[in-house]
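Descriptive structure summary
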Amino acid sequence: GAVVSQHPSRVICKSGTSVKIECRSLDFQATTMFWYRQFPKKSLMLMATSNEGSKATYEQGVEKDKFLINHASLTLSTLTVTSAHPEDSSFYICSAGGGPEETQYFGPGTRLLVL
Amino acid sequence: AQSVTQLDSQVPVFEEAPVELRCNYSSSVSVYLFWYVQYPNQGLQLLLKYLSGSTLVKGINGFEAEFNKSQTSFHLRKPSVHISDTAEYFCAVIPLGFSGGYNKLIFGAGTRLAVHP
């Protein structure tokens, strides 16, 4: 149980375009989802926390207008990278969970390359 | 503030040898503790977690970890490693007792375990 999927797994886009990444909890309902960014050979950096039906909470230094997060249902959260630039190239990982045991289950990640 | 320190950035080991990956944390409140594993180009998989109770926690793939409150440590161990254990390992904590509806995972920097034949 506790499977989280992400789509797409890899995406290449041109500079200036927008890219949407989906995060789905497949076998459980997640009131809270988290979006992370991971640089090569580095740990995960929390970007924002997404709560179903309300606005996302962004970490300090993360541009909310650039990284749009929508958590429209208990099983789906989306991250849209708007007007992407090469420096946005990274590995983006979502997680879902929380609850009494606070366990987060992670998606497989999305590799974004902006040319 | 809370922090997690993984003392070794890389740990090379031969196949079938034992291994210990070290993790220390700093927190002014109680914490839940986690170990995650990340294989190349993949997300994170939960290995084990400590919430309460017995301080020795057994996880998947033959791994175990021991919570030591006095030393604020949560070291990960495996008695005999396989080539397939080669991966990045992350220690993480969730500090308890904060309001706001959710508690953030705080990650260590990661330890690269390289198992050689």
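Refer to the structure printed above.
Now for a look at the structure at hand. (Residues numbered from 1 in each chain as written. Chains lettered and ligands numbered in written order. Predicted model: local features only at pLDDT ≥ 70, side-chain atom pairs only at ≥ 80, totals over all residues. Heavy atoms only, no water.)

1. Considering the overall build of chain B
From N to C terminus, chain B includes 0 helices and 12 strands. Secondary structure elements of chain B occur, N-terminal to C-terminal, as β-β-β-β-β-β-β-β-β-β-β-β. Computed over the C-alpha atoms, the radius of gyration of chain B is 14 Å, within 12% of the 13 Å expected from 2.2 N^0.38 for a compact globule of 117 residues. Taking the principal axes of its C-alpha atoms as reference, chain B extends roughly 50 × 30 × 20 Å. Partitioning the contacts of chain B with sequence separation of at least 6, the portion at a separation of at least 24 is 58%. When the accessible area of chain B is evaluated, it comes to approximately 5,600 Å², of which 51% is carbon and sulfur surface. Here chain B contributes 8 positively and 8 negatively charged side chains, and the mean placements of these two sets differ by 10 Å. (Helix = DSSP H or I, 4+ residues; strand = E, 2+ residues; numbered from the N terminus. Rg over C-alpha atoms; globule rule 2.2 N^0.38 Å. Contact = heavy atoms within 4.5 Å. Areas by Shrake-Rupley, 256 points an atom, 1.4 Å probe, with all protein chains shown as cover. Lys, Arg positive; Asp, Glu negative; His and termini not counted. Charge placed at Lys NZ, Arg CZ, Asp CG, Glu CD.)

2. A word on the side chain of B:Thr111
Residues and elements named next belong to chain B. Structurally, the position occupied by Thr-111 is in strand 12 (residues 111-116). According to the relative accessible area criterion, Thr-111 is buried, its value standing at 1%. There is a polar contact of 3.2 Å between the side chain of Thr-111 and the side chain of Gln-6. Beyond its immediate stretch of four places on either side in the chain, Thr-111 contacts Gln-6, Asp-8, Ser-9, Val-11, Leu-21, Ala-87, Glu-88 and Tyr-89. (Buried < 20%, exposed > 50% of the residue type's maximum accessible area, 1.4 Å probe, protein only. Polar contact = N/O pair within 3.5 Å; in protein donor to acceptor, adjacent residues only side chain to side chain.)

3. Some thoughts on the sheet that holds strand 1 (residues 4-7) of chain A
Residue and element names in this part refer to chain A. One open sheet holds the 4 strands; their spatial order is 1-3-8-7, and the pairing between them is antiparallel. Strand pairing shows two members of the sheet lacking a second neighbour, strand 1 and strand 7 (67-73), which therefore form its edges. The sheet shows a mean angle of 15° between the axes of neighbouring strands, taken without regard to direction. Bridging between strand 3 (residues 19-25) and strand 8 (residues 76-81) involves 6 bridges; their strand directions are antiparallel. Note that in strand 8 the partner of Ile-21 across the bridge is Leu-79. (Pairing = 2+ DSSP bridges. Axes fitted to C-alpha atoms, helices over the stretch in contact; angles between N-to-C directions.)

4. Here's the deal with the interface of chain A and chain B
Between chain A and chain B, the residue contacts involve 25 residues of the former and 20 residues of the latter. Interface area for chain A against chain B, summed over the two sides, is near 1,700 Å², with a carbon-plus-sulfur share of 53%. Counting across the interface, chain A meets chain B through 1 salt bridge. Of the charged contacts, one joins A:Glu59 and B:Lys104 as a salt bridge, the two residues approaching to 2.9 Å between their closest N and O atoms. Linking chain A to chain B there are 7 residue pairs in polar contact (both at pLDDT 80 or more). Of all elements in the fold, only strand 4 (32-38), strand 5 (44-51), strand 9 (90-98) and strand 10 (103-106) of chain A reach the threshold of two or more residues within the side of chain A that touches chain B. Tallied by class, residues from the side of chain A that touches chain B come to 10 nonpolar, 10 polar and 5 charged. (Buried area = accessible area lost by both parts, 1.4 Å probe. Salt bridge = Lys/Arg side-chain N within 4 Å of Asp/Glu carboxyl O. Nonpolar A, V, L, I, M, F, W, Y, C, P; charged D, E, K, R; others polar.)

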